[in-house]
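One letter stands for each residue in the lines below.
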Amino acid sequence: MIPFAKPFYTSAEEELVTKVIRSGWVSQGERVEQFEGRIADFVGARHAIATNSCTSALILALRVLDIGVGDEVLCPSFTCIATINAIVAVKAQPIFVDIDPVTYNIDPEVARRALSARTRAIVAVDQVGLPAEWDSLNALADQYGLELIEDAACALGAEYRGRKLGSLGWPTTLSFHPRKILSTGEGGMLLVESDEFADRARRLRSHGAAVSDVVRHRSGGFVSTDYPEPGYNFRMTDLQAALGVVQTTRLPSFLQERRRQAGVYDEALKSIPDLCAPVVPAHMSHAYQSYMVRMSAVSRVDRDCLIRKLVVRGVACRSGIAPLHWNVSLGSSRQPSSLPVTEEASRQTFFLPIYPGLSADDQSEVVRALKACLHDCH
Ligand SMILES: *Cc1c(COP(=O)(O)O)cnc(C)c1O
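Residues numbered from 1 in each chain as written. Predicted model: local features only at pLDDT ≥ 70, side-chain atom pairs only at ≥ 80, totals over all residues. Heavy atoms only, no water.

**Observations regarding the overall build of the chain**
No. 1: Scanning the chain from N- to C-terminus turns up 13 helices and 14 strands.
No. 2: Expected size for 378 residues packed as a compact globule is a radius of gyration near 21 Å; at 21 Å, the chain falls within 12% of this value.
No. 3: Structurally, the chain occupies a C-alpha span of about 75 × 55 × 35 Å along its principal axes.
No. 4: Classification of the 378 residues of the chain by burial places 56% in the buried group.
No. 5: For the chain, the proportion of contacts with a sequence separation of at least 24, taken over those separated by at least 6, is 74%.
No. 6: When the accessible area of the chain is evaluated, it comes to approximately 15800 Å², of which 51% is carbon and sulfur surface.
No. 7: Taking the 40 positively charged and 43 negatively charged side chains of the chain as two groups, their mean positions are separated by 3 Å. (Helix = DSSP H or I, 4+ residues; strand = E, 2+ residues; numbered from the N terminus. Rg over C-alpha atoms; globule rule 2.2 N^0.38 Å. Buried < 20%, exposed > 50% of the residue type's maximum accessible area, 1.4 Å probe, protein only. Contact = heavy atoms within 4.5 Å. Areas by Shrake-Rupley, 256 points an atom, 1.4 Å probe, with all protein chains shown as cover. Lys, Arg positive; Asp, Glu negative; His and termini not counted. Charge placed at Lys NZ, Arg CZ, Asp CG, Glu CD.)

Okay, here's the thing in structure tokens:
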């Protein structure tokens, strides 16, 4: 079976994790700081706050912006449930917005029509690694005094107008789940510009304590702390961060390899009229966390037939993203009953295997299998 995603680890990760185990300090500590520094440098962010997941990082982003009870937050339905769960966790109301049919990211014009007097923020997602239309979203946010939060869980290393996501100026979150660009097993990060947001996010990450555990440890004795506001335990461990520290050294090659593999699929799909390759607007670069294919308008093949046959043949592909407004009951009279672009994209898309470590032979087999299974489904 060719898996459709897989983390990439070598003995270098094993060695650094072992070193952390032997050091006796395994919870949040120096390795976390080192990992934060490396990601901040890579994307060009002022502050990086590592967390135990992207979901927690999203909750911190919403909390530092004081978004909560009574606030509406515009968000896509074509996303991971974690985007929505974070909004619900701070007791705000998610309002689903339809996507652009080409980029699969939140459509700024539809977002404009969804605004109300209670709208406080837009959480936009850089879906499967392609940046959202940030200039238009930023203009909308400026015009109506909204906050922007960027869920870049899948998009570490992607660029918008030549700038890496996470450096555009608003709070941005990353995921280090094994299906993302780099993996710490579980893990996430919040990237922010403001010193004040960074300090507050660091406190909230660690029970709301004013003095960090590292500072307490280094003081070597009696340092008490106060708790200015209730927080969470959203800390990453040094064991996870050790994986991250090694993984960051491979980040440029990971991205290069994903883009190379995407290029191989792009080329192969040119001669397969049933399928459309992902489209990357000229002012963006894609991180290709996933390679999302779409059944073309001319195709009469049933997507689910194709996926089933591919799996039988040994290619683990997956159907695309299930719309959340179908599955989640979010009781608001302002919730749209249907999002036609999202629903159609969800029916017509699926993912092909893409990951560092996918061999050229296996990728050729994926393309052969696609052609054969399309033939069988006709
Ligand atoms: C994976 C993902 C998340 C959740 O990340 P975790 O680290 O598992 O919490 C959130 N948003 C998007 C868009 C994702 O793809």
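Still to come is the rest of the account.
**As for the packing of aromatic side chains**
No. 1: Applying the stated rule across the entire model yields seven aromatic pairs.
No. 2: Measuring from centroid to centroid gives 5.8 Å for F78 and Y104, while their planes differ by 25°, and the two rings are stacked. Highlighted residues: F78 in the loop between β2 (72-76) and α4 (81-89) and Y104 in the loop between β3 (93-97) and α5 (108-113), separated in sequence by 26 residues.
No. 3: When its relative accessible area of 8% is taken as the criterion, Y104 is described as buried.
No. 4: One Lys or Arg, K164, reaches over the ring of F42 and ends 4.7 Å from the middle of that ring. (Phe/Tyr/Trp six-rings, centres within 6.5 Å; stacked < 30°, edge-to-face > 60°. Lys NZ or Arg CZ within 6 Å of the ring centre and 35° of its normal.)

**Side note on the site of the ligand**
No. 1: Around the ligand, a shell composed of 14 residues is seen, among which C54, T55, D151, S175 and K180 lie nearest.
No. 2: A distance of 2.5 Å separates an oxygen atom of the ligand from a polar atom in the side chain of T55.
No. 3: K180 places a polar side-chain atom, nitrogen or oxygen, 2.8 Å from an oxygen atom of the ligand.
No. 4: Relative to its unbound accessible area of 380 Å², the ligand is 89% covered by the protein chains.
No. 5: In this structure the site holding the ligand corresponds to the largest pocket. (Near = heavy atom within 4 Å. Polar contact = N/O pair within 3.5 Å; in protein donor to acceptor, adjacent residues only side chain to side chain. 1 Å grid on protein atoms, 1.4 Å probe; cavity = no way out; pocket = protein on both sides within 12 Å on 5 of 7 lines; lining within 4 Å. Sits in = over half its atoms within 2 Å of the grid points.)

**So, the environment of S53**
No. 1: Structurally, S53 is set in the loop between β1 (47-51) and α3 (54-64).
No. 2: Residues S53 and M189, spaced 136 residues apart in sequence, show a C-alpha to C-alpha distance of 7.2 Å.
No. 3: With near-sequence residues (within four places) excluded, S53 lies in contact with G187 and G188.
No. 4: Within the structure, the side chain of S53 is placed 3.3 Å from the backbone nitrogen of T55, a separation counted as a polar contact.

**Side note on the sheet that holds strand β14 (residues 349-352)**
No. 1: Within the open sheet, the four strands sit side by side as β10-β12-β14-β13. Their pairing is antiparallel. Of all strands in the sheet, those with a lone pairing partner are β10 (275-276) and β13 (318-319), marking the two edges.
No. 2: Each of β10, β12 (291-295), β13 and β14 touches helix α10 (residues 303-313); the most contacted strand, β14, lies at about 20° to it.
No. 3: Running over the sheet, helix α13 (residues 360-377) touches β10, β12 and β14 and is turned about 145° from β14. (Pairing = 2+ DSSP bridges. Axes fitted to C-alpha atoms, helices over the stretch in contact; angles between N-to-C directions.)

**Looking at the pairing of β14**
In the case of a regular strand, side chains alternate between the two sheet surfaces.
No. 1: In β14, alternate side chains face the same way, and those of T349 and F351 on one face and F350 and L352 on the other are all buried.
No. 2: Relative to β14, β12 is paired through four bridges, and the arrangement is antiparallel. Among the inter-strand pairings, M292 is bridged to a residue of β14, identified as F351.

**Some thoughts on the state of the cysteines**
No. 1: Within this structure, the stated rule accounts for one disulfide.
No. 2: Here C305 is linked by a disulfide to C377, with a sulfur-sulfur distance of 2.2 Å. The sign of the S-S torsion, about -90°, decides the handedness of the disulfide formed by C305 and C377: left-handed. Here C305 is found in helix α10, whereas its partner C377 is found in helix α13, with 72 residues between them in sequence. (Disulfide = S-S within 2.5 Å.)

**A look at the side chain of D238**
No. 1: For D238, the location among the structural elements is in helix α9 (residues 238-269).
No. 2: No salt bridge forms around the buried D238; measuring N to O, its nearest opposite-charge neighbour R31 is 5.7 Å away.
No. 3: When neighbours within four sequence positions are excluded, D238 is seen to be in contact with V20, W25, V26, S27, Q28, G29, E30, R31 and V32. (Salt bridge = Lys/Arg side-chain N within 4 Å of Asp/Glu carboxyl O.)

**Comments concerning the packing of α3 against helix α7 (residues 195-205)**
No. 1: The contact between α3 and α7 brings their axes to 10 Å, and the two run at 125°. When the axis of α3 is compared with that of α7, the two are oblique. As for the relative orientation of α3 and α7, their crossing is right-handed in sense. Counting all contacts with α3, which are made through L60, R63 and V64, the residues of α7 involved are F197, R200, A201, L204 and R205.
No. 2: Classifying every residue of the contact of α3 with α7 gives five nonpolar, no polar and three charged. (Parallel < 35°, antiparallel > 145°, perpendicular 65-115°, else oblique. Left-handed = near helix turned anticlockwise from the far one by under 90°. Nonpolar A, V, L, I, M, F, W, Y, C, P; charged D, E, K, R; others polar.)

**Quick look at unusual backbone geometry**
No. 1: Although it is not a glycine, Y104 adopts a positive phi angle of roughly 70°.
No. 2: Even without glycine at this site, H207 takes up a positive phi of about 65°.
No. 3: By secondary structure assignment, the location of H207 is in the loop between α7 and α8 (213-218).

**Considerations on the sheet that holds strand β5 (residues 147-151)**
No. 1: Read across the open sheet, the seven strands follow the order β1-β9-β8-β5-β4-β2-β3; overall the sheet is mixed. Edge positions in the open sheet fall to β1 and β3, since each of these has one partner strand only. Averaged over neighbouring strand pairs, the angle between their axes works out to 25° when direction is ignored.
No. 2: Bridge count for β2 against β3 is five bridges, and the pairing is parallel. Note on β3: the bridge partner recorded for L74 is I95.
No. 3: Strands β1 and β9 (188-192) of the sheet are contacted by α7, whose axis makes an angle of about 15° with β1.

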